[in-house]
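Each chain, letter by letter, is given below.
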Amino acid sequence: MFFEELFSNKILISAMISWFVAQALKVVFYYIKHHKFDISKFFSSGSMPSSHSAFVTALVVAVGMVEGVGSTFFAMRRAAGRQARIINQIVLDFYKEKQVKTEKLKELLGHTPLEVFVGAILGGVIAWMECMH
């Protein structure tokens, strides 16, 4: 029963397939660029496309399609994405008042905007395809 439910969960399946495809594409892109096969790229972070963006976007799109965009689950995913901006604003306001010099937290770690964008498109398309059937 547990495994049947687990493997029929379109939200989870969409996110996992998106992550897997993004990681596999890293190996392919590395091969195209360097003419060398390196399976370790499958287990690495960074580079094109962002598997984190693919996973998270697939999760959000699938939750929206399965549970509806008005659901609590969809609202939770949307709220979680705003945390770094809010923390940066709190730190800025606090240190401006105290006149202390500080660095902002990085809101983008490990990827270029293009890598994030491609990962997000990949995740969205995979979730849409998975949840449509």
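This text follows the structure it describes.
Just so we're clear, the structure is a prediction, and the values are computed from it rather than from any experiment.

Participant: Describe in detail the packing of helix α2 (residues 10-34) against helix α6 (residues 113-132), supporting the description with residues and values.
Facilitator: Closest axis-to-axis distance for the α2/α6 pair is 9 Å, and the angle between their directions is 140°. Accordingly, the angle class assigned to the pair α2 and α6 is oblique. Crossing of α2 over α6 shows right-handed handedness. Here Lys10, Ile13, Ser14, Ile17, Ser18, Val21, Ala22 and Leu25 of α2 come into contact with α6, specifically with Leu122, Gly123, Ile126, Ala127, Glu130 and Cys131. Here the residues of the contact of α2 with α6 sort into nine nonpolar, three polar and two charged.

Participant: I'd like a description of a nonpolar patch on the surface, backed by residues and values.
Facilitator: There is a patch of nonpolar side chains on the surface, built from Met65, Val66, Leu114, Phe117, Ile121, Val125, Trp128, Met129 and Met132 and spanning about 900 Å² of accessible area. When residues of the nonpolar patch are traced back to their parent elements, those giving at least two are α3 (51-67) and α6. Considering each element in turn, the nonpolar patch owes the most residues, seven residues, to α6. As for its placement among the helices and strands, Trp128 is situated in helix α6. Taking the relative accessible area as the measure of exposure, Trp128 reaches 48% and is therefore partly exposed.

Participant: Could you give me a rundown of α2, with the residues and numbers involved?
Facilitator: Relative to the 36 Å expected for 25 residues at 1.5 Å per residue, α2 spans 36 Å between its end C-alpha atoms, a close match to the ideal helical length. Those residues of α2 that fall on the buried side of the exposure criterion are Ile11, Ile13, Ser14, Ala15, Ser18, Ala22, Gln23, Lys26, Val27 and Tyr30. Close packing links the buried residues of α2 with α1 (2-7), α3 and α6. For α2, the side-chain oxygen to backbone nitrogen distance between the N-cap and Ile11 is 3.0 Å, and the N-cap itself is Asn9. A positive backbone phi angle near 55° is found at His35, which sits one or two residues after α2.

Participant: How would you explain the packing of α2 against α3 if you had to name every residue and give the values?
Facilitator: Orientation of α2 relative to α3, taken along the N-to-C sense of each, is 155°, at an axis distance of 8 Å. Regarding the angle of α2 to α3, the classification is roughly antiparallel. Handedness of the α2/α3 crossing: right-handed. Facing α2, whose interface residues are Lys10, Ile11, Ser14, Ala15, Met16, Ser18, Trp19, Ala22, Gln23 and Lys26, α3 presents Ser51, Ala54, Phe55, Ala58, Leu59, Ala62, Val63, Val66 and Glu67. The residue inventory of the contact of α2 with α3, partitioned by class, reads twelve nonpolar, four polar and three charged.

What counts and what doesn't
- Residues numbered from 1 in each chain as written.
- Predicted model: local features only at pLDDT ≥ 70, side-chain atom pairs only at ≥ 80, totals over all residues.
- Heavy atoms only, no water.
- Axes fitted to C-alpha atoms, helices over the stretch in contact; angles between N-to-C directions.
- Helix = DSSP H or I, 4+ residues; strand = E, 2+ residues; numbered from the N terminus.
- Parallel < 35°, antiparallel > 145°, perpendicular 65-115°, else oblique.
- Left-handed = near helix turned anticlockwise from the far one by under 90°.
- Contact = heavy atoms within 4.5 Å.
- Nonpolar A, V, L, I, M, F, W, Y, C, P; charged D, E, K, R; others polar.
- Patch = residues over 30% accessible without salt bridge, like charges linked within 9 Å, V, L, I, M, F, W, Y side chains within 5 Å.
- Areas by Shrake-Rupley, 256 points an atom, 1.4 Å probe, with all protein chains shown as cover.
- Salt bridge = Lys/Arg side-chain N within 4 Å of Asp/Glu carboxyl O.
- Buried < 20%, exposed > 50% of the residue type's maximum accessible area, 1.4 Å probe, protein only.
- Expected span 1.5 Å × (residues − 1).
- Polar contact = N/O pair within 3.5 Å; in protein donor to acceptor, adjacent residues only side chain to side chain.

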